[in-house]
Amino acid sequence: MSNRKPARHPAPTHVAHDEPFWAATARGELVIKHCLPCDRSFWYPRPHCPLCGSFDTEWRAASGRGTVYSFSVVANAPRPTAVAVIELAEGPRMTTVVVDSDLADLRIDDSVIVCFESAEDDSMVPVFTTESAQHARSYAAAVLANCEERAAVHEAIAAPITKVTVIGAGSMGTGIAKSFLSNDFAVHLVDADQAALERALSDIQEYLSRLTSKREGWHGPTLTTSIDIDTAAGSQLVVEAVWEDLALKQEIFAKLEAVVSPSCILATNTSTLDINALAASTTHPGRVVGMHFFSPAHVMPLLEIVEGAEIRPETLATAVAVARSIGKTPVIVGVCPGFAANRMMIARNKEAEHLLLEGALPQQVDRVSRAMGLPMGPFEMLDMAGGIEVNVHRRRATGEEDWLVDALFERGRLGQKTGRGYYRYKPGERSPIPDQEVTDLILEASLREGIERRSIPDQEVRERLERVLAMEGKALLDEGIVARSGDLDVIWRQGFGWADWSGGPMYRATLQGWES
Amino acid sequence: MRSQTFVAGIFEHPTRKADGATVAQLHAEVALGALADAGLTLSDVDGYFCGADAPGLGVATMAEYIGLDRLRYVDGTESGGSSYLLHVNHAARAIAEGKCDVALITMADTPLASKGGLMLSGVDRSKLPALPYSVAVPALPMYGYGMVARRHMHEFGTTPEQLAWVKVAASQHAQYNPNAKLQNVVTVEEVLASPMVADPLHRLDCCVVTDGGGALVLVREEIARTLSRPLVRLAGAGEAVKHSSGGTYEFTSSAGVRSGADAFAEAGITPMDIHYASLYDSFTITVIVQLEDLGFCARGQGGVFASNGNLVSGVGRLAVNTDGGGLCNNHPGNKGGIPKLVEAVRQSRGEAHPDVQVPNHEFTLAHATGAMMSSYHVAGTTIFQAV
Ligand SMILES: NC(=O)c1ccc[n+]([C@@H]2O[C@H](COP(=O)([O-])OP(=O)(O)OC[C@H]3O[C@@H](n4cnc5c(N)ncnc54)[C@H](O)[C@@H]3O)[C@@H](O)[C@H]2O)c1
Ligand SMILES: [Zn+2]
């Protein structure tokens with residue numbers, strides 16, 4: 001139902017008279033008490049009718065549909081939660097919660113439907129969700145299924161893969177190796193740096209031993225390591241995850257071509273480099289493909305399969321099939337800076353940064369982003385992923401200016417790893433705390449840009465973030481980088497954790513009537 | 001029948017965080033404080049009232065601890081924050097019937113020092129009959145009042161700014177109260193900029209959490225006339241209960257409609273005769289609804305009434321909570337009833353802070369809503385007359 005595991009509620013006390021109530025919720029049905037003499041239903045259940053005093057009452061099936069009489073949104077809840085009074089279609093009003101719904105859009109009189117979640121004693125507890133959230137969930141499930149069906153077609157011409165080499169044992173390479181190993185692919189891991197290799201090895205071994213203890217009778221496939229790239233000979237698939245440097249990656253591919261068989265597929269995990277340029281430097285550009293994982297690579301289900309200009313159909317099919325066999329959702333994308341997911345995210349982040357200059361603060365933009373259905377907002381995410389540093393390095397190449405990001409960088413505010421970024425962090429903790437120094441820098445940045453700050457309503461923040469996502473998504477479709485608009489919603493769900501109850505950025509765009 | 005009950009003594013404990021003190025000890029301190037204010041002693045007390053948050057067996061344990069050994073009338077009514085207004089009502093009936101002469105009401109609790117949280121002590125929530133069917137619902141009162149606020153906004157167009165005005169008025173008064181937990185004056189903008197805690201309620205729409213308590217001493221008229229304190233008569237009182245009625249309820253009005261009507265009828269006056277009211281302010285919306293329920297303005301006009309500045313002493317037509325209220329001053333034990341009564345009596349005596357004292361008025365009112373306005377709750381209204 002949602003991307004996260006549903007919470008378990010405290011166990012309700014069961015009493016003799018309400019046994020039919022819990023029997024019904026276990027079947028996924030809501031029953032309420034009805035009084036025969038006064039012909040009214042009442043809530044909450046009890047043996048007698050509180051409206052007339054009669055004991056002549058019976059259980060009746062309720063439709064589970066109702067409307068919102070009133071509600072109050074729980075701030076900072078781990079998932080969207082509003083305490084609400086729901087007026088059931090049968091008449092009575094009940095105090096309950098509306099969960100996993102777009103609460104920023106929730107209004108009195110909105111239609112809701114019951115759903116059931118388990119309590120600690122496995123009783124099923126009735127809660128409500130909005131009809132619009134339910135619609136979004138059906139959509140999200142449908143586009144995901146469609147994406148997987150289209151991917152499955154590729155299996156017919158995919159080459160069988162059993163031996164995989166991962167080059168680069170950094171954070172991505174380690175996660176990629178874990179993905180293959182946990183799905184029974186033997187992995188050979190290569191890194192030029194012995195220390196990096198050892199770090200990766202102990203990390204992976206710890207991960208595997210956790211898996212072994214969870215999976216009965218499972219021993220895990222073999223993992224070998226080397227500092228010599230020539231040991232990749234004999235692989236059927238090589239996934240490269242070395243530093244983001246075109247010359248370096250070209251050199252790696254040239255070395256690989258000297259040792260591997262002509263049928264071996266050469267995949268790159270590059271996020272930003274031109275895969276056509278990389279392919280063109282090889283003697284068999286048809287075997288080069290982008291396999292763009294998302295961090296942490298063994299956790300995030302999205303895998304962008306990047307289709308270069310000269311790719312052979314078998315290469316593409318094999319990459320898609322391999323992705324599926326390691327439990328990923330492959331989405332085929334064309335070559336462009338950032339591909340689909342990051343290109344949309346970079347556009348979104350630019351807009352977010354502009355909102356800071358106009359009057360917003362990181363905490364507002366992030367709060368609104370979470371309300372949109374993302375597990376975290378752009379600034380929390382940049383802090384987590386070291387985005388400030390990446391931004392500075394990227395602009396060193398292009399010469400583009402950004403006073404605010406430079407100012408943060410110069411003050412050592414690199415994100416969570418230095419305990420300070422767009423927020424500050426207590427030692428060893430990950431929860432972002434707004435920081436006056438950042439606020440002051442943002443005010444100064446506005447001043448330097450000559451922008452008069454104003455308070456920006458949450459509604460506007462959301463609309464602008466959603467609009468920029470929709471526009472970038474539309475451009476990706478127009479340029480043929482991505483085949484279907486639904487694929488973009490799958491990308492945001494599987495790559496960045498966009499919640500089902502709000503469908504995805506393109507679904508939102510359709511709801512707003514931004515089709516064109 | 002004209003009430004013969006007079007308020008002889010009042011006491012509000014000055015503490016707001018009672019580290020190291022026991023709840024029983026605070027009960028004794030407020031009891032002795034109110035008796036001293038009246039010019040009476042422990043041995044004068046023959047009626048005693050406290051709530052379920054008093055330690056042990058309530059009235060019995062507290063009578064022993066405080067040292068009350070002439071009791072012939074006791075009452076441990078518990079209705080949340082309104083308990084003490086009900087105690088005043090009950091004490092007046094007991095005095096009228098000759099069941100006691102000197103009634104002592106005490107309240108104390110330490111949610112901060114004992115880390116008791118935001119719920120009432122002395123109430124076993126695990127046995128609530130609705131609980132099995134609402135285990136998924138966070139029980140904090142702020143969500144219930146958030147729902148009342150949202151519905152009020154929906155039906156009457158009440159705005160967050162109008163709610164904020166209730167807090168602004170309270171803060172205007174609190175600046176003169178050296179014991180108030182929050183003494184800084186706030187603006188509407190500051191209220192709206194405070195974090196949202198139970199949308200549409202912001203942090204500054206919520207009352208403070210404090211330790212402490214207070215006490216009242218009620219006596220029959222003959223005794224009051226022998227004491228040297230200003231004479232304050234209990235002119236009328238009322239109490240009423242409202243709840244979910246099997247799911248048929250609405251919550252844009254409270255039980256205060258009926259408790260208020262009874263109190264006004266007994267006092268023989270109308271809301272126009274009142275220029276000071278202590279109104280329960282667990283949340284800003286609580287005040288708005290009660291203003292309407294008690295007839296200080298028309299149904300749905302509470303927000304407009306507040307945002308026109310009417311609640312500010314010396315400015316508006318009805319000074320409200322001139323001690324700073326629960327929003328700024330004190331909400332001991334998550335129950336605001338006692339400070340409401342105490343400030344109404346101060347106003348009747350002319351003993352409020354000079355900067356907030358309402359001049360030349362005969363009647364004051366205190367009103368409280370106990371438990372949760374969005375489900376079951378108990379309202380208590382009392383009207384005092386300066387004699
Ligand atoms: N970090 C992310 O979130 C992310 C996400 C998707 C893709 N990527 C891409 O993945 C790639 C790796 O990123 P990372 O974050 O894991 O970097 P990293 O710095 O953590 O790891 C890179 C590793 O490559 C090794 N290496 C460098 N030169 C080598 C060589 N000649 N031979 C063998 N090993 C060599 C380094 O020793 C290092 O261990 C980059 O192309 C990056 O753009 C990163
Ligand atoms: Zn009936």
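Everything numeric in this text was worked out from a predicted model, so none of it was measured.

## Some remarks on the packing of aromatic side chains
Any aromatic ring pair is given by two values, namely how distant the centres are and how the planes are angled relative to each other.
Thought 1: The full count for this structure, using the stated rule, is 18 aromatic pairs over all chains.
Thought 2: A centroid spacing of 6.1 Å and a plane angle of 45° characterise the contact between A:F21 and A:W59, whose relative ring orientation is tilted. Of the two residues, A:F21 sits in helix α1 (residues 19-26) while A:W59 sits in strand β3 (residues 57-62), which places them 38 residues apart along the sequence.
Thought 3: One residue, A:R215, lies across the ring of A:W218, its end atom 4.5 Å from the ring centre.
Thought 4: Above the ring of A:F71, the side-chain terminus of B:R150 is found at 3.8 Å from the ring centroid.

## Quick look at the side chain of A:S54
Thought 1: Its location among the elements puts A:S54 in the loop between β2 (40-42) and β3.
Thought 2: Engagement of the side chain of A:S54 in a polar contact is seen with the backbone nitrogen of A:D56, the distance being 2.8 Å.

## Quick word on the nonpolar core
Thought 1: One finds A:L256, A:V333, A:V365, A:Y422, A:I491 and A:W492 to be the most contacted residues of the largest nonpolar core, which totals 69 residues.
Thought 2: Ranked by residue count, the leading element in this core is helix α8 (residues 341-358) of chain A, at seven residues.
Thought 3: In this structure, this core is formed jointly by two domains, domain 2 (158-337) and domain 3 (342-511) of chain A, each of which donates at least three residues.
Thought 4: In this structure A:L256 touches A:I167, A:I229, A:A232, A:V238 and A:L266, once residues within four positions along its chain are discounted.
Thought 5: Formed by 62 residues, the second largest nonpolar core is a distinct cluster that contains B:M153, B:F264, B:A267 and B:F363.

## Some details on the pattern of salt bridges
All names here are of chain B.
Thought 1: By the definition in use, this model includes 63 salt bridges over all chains.
Thought 2: Its salt-bridge partner being E12, residue R16 comes within 3.4 Å of it at the nearest N-O pair. The burial state of R16 is the same as that of E12; both residues are buried.
Thought 3: Between R72 and D101 there is a salt bridge, and its shortest N-O distance comes to 3.5 Å.

## Quick notes on the coordination of the zinc ion (ligand 2)
All names here are of chain A.
Thought 1: Taken together, C35 (SG), C38 (SG), C49 (SG) and C52 (SG) make up the protein donors of the zinc ion (ligand 2), found 2.2 to 2.4 Å from the metal.
Thought 2: Around the zinc ion (ligand 2), the four donor atoms are arranged such that angles at the metal cover 100 to 122°; this shape is classified as tetrahedral.
Thought 3: Linear spacing of the donor residues for the zinc ion (ligand 2) on their chain is C-x2-C-x10-C-x2-C. Highlighted residues: C38 in the loop between β1 (30-35) and β2 and C49 in the loop between β2 and β3, separated in sequence by eleven residues.

## Quick word on the sheet that holds strand β7 (residues 212-220) of chain B
Residue and element names in this part refer to chain B.
Thought 1: What the ten strands build is an open sheet, ordered β3-β2-β4-β7-β1-β8-β12-β11-β9-β10; its pairing is mixed. Strand pairing shows two members of the sheet lacking a second neighbour, β3 (73-75) and β10 (319-320), which therefore form its edges.
Thought 2: In terms of strand pairing, strand β9 (residues 274-279) meets strand β11 (residues 363-371) through five bridges, oriented parallel. Within the sheet, the bridge partner assigned to S278 lies in β11 and is A366.
Thought 3: In the packing of helix α2 (residues 59-66) onto the sheet, contacts are made with β2 (47-49), β3 and β4 (102-109), and the angle to β2 comes to roughly 115°.
Thought 4: Strands in contact with helix α12 (residues 337-349) are β1 (5-12), β4, β7, β8 (232-242), β9, β11 and β12 (377-386); relative to β1, the strand with the most contacts, it is inclined by about 115°.

## Description of the site of ligand 1
Residues and elements named next belong to chain A.
Thought 1: Surrounding ligand 1, one finds 23 residues, the nearest of these being M172, D191, E244, K249 and N269.
Thought 2: With respect to ligand 1, the backbone of S171 contributes an N or O atom lying 3.0 Å from an oxygen atom.
Thought 3: One nitrogen or oxygen atom from the side chain of W243 is found 3.2 Å from an oxygen atom belonging to ligand 1.
Thought 4: Against a free-state accessible area of 830 Å², the protein chains account for coverage of 77% of ligand 1.
Thought 5: The greatest single-element share of the shell around ligand 1, amounting to three residues, is contributed by helix α5 (residues 246-259).
Thought 6: Split into classes, the residues belonging to the shell around ligand 1 amount to eleven nonpolar, eight polar and four charged.

## Description of the packing of α8(A) against helix α14 (residues 458-478) of chain A
All names here are of chain A.
Thought 1: Orientation of α8 relative to α14, taken along the N-to-C sense of each, is 150°, at an axis distance of 9 Å. Classified by the angle their axes make, α8 and α14 are roughly antiparallel. The two elements α8 and α14 meet at a crossing, and its hand is right-handed. Taken together, the residues of α14 that come into contact with α8 (itself represented by R343, M344, A347, R348, E351, A352, H354, L355 and E358) are V461, R464, L465, V468, L469, E472, G473, A475 and L476.

## What to know about the environment of A:D56
Thought 1: Mapping A:D56 onto the fold places it in the loop between β2 and β3.
Thought 2: With 193 residues separating them in the primary sequence, A:D56 and A:K249 have C-alpha atoms 80 Å apart.

## A few points about the pairing of β4(B)
Residue and element names in this part refer to chain B.
Thought 1: Of all eight residues in β4, eight are buried, a share of seventy percent or more.
Thought 2: Residues V102, L104, T106 and A108 of β4 are buried on one face, and the alternating residues A103, I105, M107 and D109, pointing to the opposite face, are buried as well.
Thought 3: Alignment of β2 against β4, held across three bridges, turns out to be parallel. In the strand pairing of β4, G47 is matched with A103.
Thought 4: Here β4 pairs with β7 via eight bridges, running antiparallel. By the bridge assignment for β7, D109 is matched with G212.

Calculation notes
- Residues numbered from 1 in each chain as written.
- Chains lettered and ligands numbered in written order.
- Predicted model: local features only at pLDDT ≥ 70, side-chain atom pairs only at ≥ 80, totals over all residues.
- Heavy atoms only, no water.
- Phe/Tyr/Trp six-rings, centres within 6.5 Å; stacked < 30°, edge-to-face > 60°.
- Helix = DSSP H or I, 4+ residues; strand = E, 2+ residues; numbered from the N terminus.
- Lys NZ or Arg CZ within 6 Å of the ring centre and 35° of its normal.
- Polar contact = N/O pair within 3.5 Å; in protein donor to acceptor, adjacent residues only side chain to side chain.
- Core = buried A, V, L, I, M, F, W, Y, C linked by side-chain atoms within 4.5 Å.
- Buried < 20%, exposed > 50% of the residue type's maximum accessible area, 1.4 Å probe, protein only.
- Domains from an automatic or database assignment.
- Contact = heavy atoms within 4.5 Å.
- Salt bridge = Lys/Arg side-chain N within 4 Å of Asp/Glu carboxyl O.
- Donors = N, O, S within 2.8 Å, 3.2 Å for Na, K, Ca; no water.
- Tetrahedral: all angles 85-135°; square planar, octahedral: opposite > 155°, others 65-115°.
- Pairing = 2+ DSSP bridges.
- Axes fitted to C-alpha atoms, helices over the stretch in contact; angles between N-to-C directions.
- Near = heavy atom within 4 Å.
- Areas by Shrake-Rupley, 256 points an atom, 1.4 Å probe, with all protein chains shown as cover.
- Nonpolar A, V, L, I, M, F, W, Y, C, P; charged D, E, K, R; others polar.
- Parallel < 35°, antiparallel > 145°, perpendicular 65-115°, else oblique.
- Left-handed = near helix turned anticlockwise from the far one by under 90°.

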